[in-house]
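So the chains spell out like this:
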Amino acid sequence: MTLLGIATIRGGNPAPTGSVTDDERWVVLEAGDRRPAFVAPRGIAVDPDGTALVVDRDRGTVWRVGPDGTVRGSWGARGAGPGTFDWPVAVAVSVGGDVWVADAGSGRVERRTRIGLPVEGWRPTAPFDGPVAVAVEIAGTVLVAERDANRIARLRPDGATVDTWTSPRGDTTTFRAPSGIATGPDGSFAVADTGNARVVILDADGSLIEVVDRVGADARLAEPTGVSFGRDGSLDIVDEGARVVWHRAPDGSATVVDLGGDPGVRPFPVAVARDGRGRLLISDRAMRQVRVINPDGAPVGAWGREGGDGGSLRTPIGLAVARDGTIFVAEFSRHRIARLSPRGNILGSFGARGDAPGRFDGPYGVVVEAVGTVLVTDRDNSRVQRFTADGRHLETWGGDDLRAFNHPSGIALARDGSAYIADTVNHRIRALAPDGSIGATWGREGDGPGEFRYPRGVAVGPDGTVVVADFGNNRVQAFAPDGTFRRMWGRSGSGPGELDWPLGIAVDPDGDVWVADTNNSRVQRFTAAGEFVEAHGSAGEAAGEFRWPDGIAVDAAGSVYVSDTGNGRVQVLRRGRVGLVDAARRWLASLRR
């Protein structure tokens, strides 16, 4: 089947630009956002040209970020094979620009070029036991903190181990869960000895120089996990237990670093480094950003999209397309409905967290009625709300009485204006008439025909058939408008036609059923009879790849819109030539009857 293209929409205001990938099938519309989309930023290092390398633990990725905070590239992915990482948490860079990544999940320390290519000749003699920190010395030797083995290892540039310490020489206290390591300008190195609530500074031979367990007259370190030296010999210490970063001057005096940011969000620093300008770079677990602090201690901003969005949208789930092409997107964790232009630019939004009329606690499903009003399933408030297109609240159904709705999710409109709602925790489907009266209701918990386990998505076909993504049973069920069972298809698995956590569902103008096969990172298409037609996507971030696709909708022209939730964006499958191919397929099928 030939596709005209799939467009990627990320909320934002700059005009998008188009590009075509190698196979000339995927058209990418970007909103010009070049900020990194961190999910779990951890270790940081800076290479000789000033590019910061940030390990994104949950993505299994190393981001390359310029001094202005824009992405210069990235490499790596979650996995167990070559070029992938299981649980990367730390990174270090040599003066020559080679990069070492500590992968705690696989017990490896990988050596790569700055663009992620393997370096020949790096063969560690033994696996590591919980490698969580890495540093490169001036001579090119590599220091690794093995948290689970309670030791520090020194390796040659080829990976051969030349020394290990379970305690500093001259100190009787053994390391306990060492979690950070950094080299100083004079050849010394510091270890965040987390379990002993201290930082120890050692000379090049591993002999004890100093123990740092107090920071000021009244403060003690609680849970130090990260360290970094300044050029002047100062020391920056991440204390995860206190959720602060300490700057310790060469004379031993210490101050708490002002991390800036939203005063309503308490930072959670987890890693620290200095760049070539002397700026402090701090990975913030709370906001999933890297905070930037000037040498004078003044915070100057943060790298990354607020809250770790994969795009400017945050956890987009339900979506609907109005007749004029406006896209309404339910941003679940932002507790709002975003309005996007057909090209993906944010036009506005409405809603905030709360239980008052017009507020949301996890908006999930959204549809646009024929008159332009908008219905939203307010999942965790267990209600459905109606709004004008610009967000003025009109009506509410449900709420306190869980017999009406209990965590409703998907919602779909029939031609008569009725809304079919997946009443998820009640394991049933309910029809809501335009006047708010409850119509047909069917379903109960189970795996038989007409029974559900946490139904999520719901859609209505051109002939009035109601199809339901039966999430807990990994199948699709189809019903008459009154709830009479018609058919079902699908089973657990990852093969063609098999499903793993189907969440979203939509029906196109020809009656074909599109399913967001969420845990398989793809979208599948079926005929109205349940016959498998095609699948789109795999796990990833490129156009046509998905991370947790959830909501799905089809417009009047047959274009398919998918909430690529994990990547914080909406992707659009523009269907042009595909309509001609479908028509030919249907015509040929009619000849065989």
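Residues numbered from 1 in each chain as written. Predicted model: local features only at pLDDT ≥ 70, side-chain atom pairs only at ≥ 80, totals over all residues. Heavy atoms only, no water.

Draft legend 1. Inspection of the overall build of the protein at higher detail. The helix and strand inventory of the protein stands at one helix and 49 strands. In the protein, once contacts between residues fewer than 6 apart in sequence are set aside, the share between residues at least 24 apart is 42%. As presented, the protein carries roughly 23,600 Å² of accessible surface, and 48% of it is formed by carbon and sulfur atoms. (Helix = DSSP H or I, 4+ residues; strand = E, 2+ residues; numbered from the N terminus. Contact = heavy atoms within 4.5 Å. Areas by Shrake-Rupley, 256 points an atom, 1.4 Å probe, with all protein chains shown as cover.)

Draft legend 2. Here's a closer look at the pattern of salt bridges. If you walk through the whole model with that rule in mind, you get 37 salt bridges. For Asp 213, the salt bridge goes to Arg 220, with nearest N and O atoms at 3.5 Å. Here Asp 213 falls in the partly exposed class, since its relative accessible area comes to 26%. A relative accessible area of 47% means that Arg 220 is categorised as partly exposed. A salt bridge links Arg 525 to Asp 512, with the nearest nitrogen and oxygen atoms 2.9 Å apart. Here Asp 512 lies in the loop between strand E43 (502-507) and strand E44 (513-517) and Arg 525 lies in strand E45 (residues 522-526), a separation of 13 residues in the sequence. Put simply, Asp 103, Arg 108, Glu 110 and Arg 112 are held in one network by salt bridges that share partners. (Salt bridge = Lys/Arg side-chain N within 4 Å of Asp/Glu carboxyl O. Buried < 20%, exposed > 50% of the residue type's maximum accessible area, 1.4 Å probe, protein only.)

Draft legend 3. Layout of the packing of aromatic side chains. Under the definition given, this model contains 15 aromatic pairs. Aromatic pair Phe 38 and Trp 63: ring centres 5.8 Å apart, planes at 85 degrees, arrangement edge-to-face. Placement of the pair is Phe 38 in the loop between strand E3 (27-30) and strand E4 (41-46) and Trp 63 in strand E6 (residues 61-65), with a sequence separation of 25 residues. Taken individually, Phe 38 and Trp 63 each receive the classification buried, so the pair is uniform in this respect. One aromatic cluster is present, built from ring pairs that chain together Tyr 420, Trp 442, Phe 452, Phe 479 and Phe 485. Over the ring of Phe 268 we find Arg 285, and its NZ or CZ is 4.4 Å from the ring centre. (Phe/Tyr/Trp six-rings, centres within 6.5 Å; stacked < 30°, edge-to-face > 60°. Lys NZ or Arg CZ within 6 Å of the ring centre and 35° of its normal.)

Draft legend 4. Looking closely at the nonpolar core. Within the largest apolar cluster, 16 residues are counted, with the highest numbers of intra-cluster contacts made by Ala 190, Val 199, Val 227, Leu 235, Ile 237 and Trp 246. Counting residues per element, the ones that place at least two in this core are strand E16 (189-193), strand E17 (198-202), strand E19 (224-229), strand E20 (235-239) and strand E21 (244-248). Beyond its immediate stretch of four places on either side in the chain, Trp 246 contacts Val 215, Ala 219, Leu 221, Leu 235, Asp 236, Ile 237, Asp 239, Ala 254, Thr 255, Val 256 and Val 257. With 14 residues, the next largest nonpolar core counts Val 46, Ala 52, Val 54 and Trp 303 among its residues. (Core = buried A, V, L, I, M, F, W, Y, C linked by side-chain atoms within 4.5 Å.)

Draft legend 5. Up close: the sheet that holds strand E40 (residues 466-470). Here we have four strands laid out as an open sheet, ordered E39-E40-E41-E42, and antiparallel in their pairing. Edge positions in the open sheet fall to strand E39 (458-460) and strand E42 (485-489), since each of these has one partner strand only. Each strand axis lies, on average, 20 degrees off the axis of its neighbour in the sheet, ignoring direction. One ladder, built from four bridges, connects strand E41 (residues 475-479) with E42; its direction is antiparallel. Residue pairing in the sheet places Phe 479 in a bridge with Phe 485 of E42. (Pairing = 2+ DSSP bridges. Axes fitted to C-alpha atoms, helices over the stretch in contact; angles between N-to-C directions.)

Draft legend 6. Geometry of unusual backbone geometry. Positive phi, close to 50 degrees, is recorded for Ser 382, a residue that is not glycine. Classification of Ser 382 by relative accessible area gives buried; the value is 2%.

Draft legend 7. Quick peek at the pairing of strand E11 (residues 131-136). For E11, the tally of buried residues reaches six of six residues, placing the bulk of the element in the interior. Here E11 pairs with strand E12 (residues 142-146) via five bridges, running antiparallel. By the bridge assignment, Pro 131 is partnered in E12 with Glu 146. In this antiparallel pair of consecutive strands, E11 and E12, the connection spans five residues, and Gly 140 shows a positive phi of 95 degrees.

Draft legend 8. Molecular detail of the side chain of Arg 64. Mapping Arg 64 onto the fold places it in strand E6. The buried charged residue Arg 64 lacks any salt bridge, with Asp 47 as its nearest oppositely charged partner at 4.3 Å. Among the polar contacts listed, one links the side chain of Arg 64 to the backbone oxygen of Arg 114, at a separation of 3.2 Å. Setting aside residues up to four positions removed in sequence, Arg 64 forms contacts with Asp 47, Thr 51, Ala 52, Leu 53, Thr 70, Val 71, Arg 72, Gly 73, Ser 74, Trp 75 and Arg 114. (Lys, Arg positive; Asp, Glu negative; His and termini not counted. Polar contact = N/O pair within 3.5 Å; in protein donor to acceptor, adjacent residues only side chain to side chain.)

Draft legend 9. Focus on the environment of Gly 372. When you line up the elements, Gly 372 lands in the loop between strand E31 (363-368) and strand E32 (374-378). Along the backbone, Gly 372 and Ala 389 are 17 residues apart, and their C-alpha atoms lie at a distance of 6.1 Å.

Draft legend 10. Here's a closer look at the pairing of strand E8 (residues 88-93). Of all six residues in E8, six are buried; the element is thus mostly enclosed. Bridge count between E8 and strand E9 (residues 99-103): five bridges; the pairing is antiparallel. In the sheet register, Val 93 faces E9, and the bridge partner there is Val 99. Taking the residues between adjacent antiparallel strands as the criterion, E8 and E9 are bridged by five residues, where Gly 97 takes a positive phi near 100 degrees.

Draft legend 11. Looking closely at the side chain of Ser 228. Within the secondary structure layout, Ser 228 lies in strand E19. Filtering out sequence-adjacent residues up to four positions away, Ser 228 remains in contact with Ala 182, Ser 234, Leu 235, Asp 236, Val 272, Ala 273 and Arg 274.

Draft legend 12. View of the sheet that holds strand E22 (residues 254-256). Read across the open sheet, the four strands follow the order E19-E20-E21-E22; overall the sheet is antiparallel. A single partner strand is all that each edge strand has here, and the edge strands are E19 and E22. The average angle at which neighbouring strand axes cross in this sheet is 20 degrees, direction not considered. In this sheet, E20 lies alongside E19 in antiparallel orientation, the contact comprising five bridges. Along E20, the bridge assignment pairs Phe 229 with Leu 235.

Draft legend 13. Up close: the confidence of the model for the protein. The share of residues in the protein with pLDDT of 70 or more is 89%, and the mean pLDDT across the chain is 87. This model gives residues 1-5 a pLDDT under 50, and the stretch forms 23 contacts once residues within four places in sequence are excluded. Across residues 577-581, where pLDDT falls below 50, the model places seven contacts with residues more than four positions away in sequence or in other chains. (pLDDT = per-residue confidence, 0-100.)

Draft legend 14. Broad picture of the environment of Thr 377. Mapped onto the fold, Thr 377 is located in strand E32. Residue Thr 377 is classed as buried on the basis of its relative accessible area of 0%. In this structure, the C-alpha to C-alpha distance between Thr 377 and Gly 365, residues 12 residues apart in sequence, is 5.1 Å. Polar side-chain contacts of Thr 377 include one of 2.5 Å to the backbone oxygen of Ser 409.

Draft legend 15. Seen up close, the environment of Ala 192. Take Ala 192: it is sitting in strand E16. Apart from the residues lying within four places of it in its own chain, the contact partners of Ala 192 are Ala 177, Pro 178, Ser 179, Gly 180, Arg 198, Val 199, Pro 224, Thr 225, Gly 226 and Val 227.

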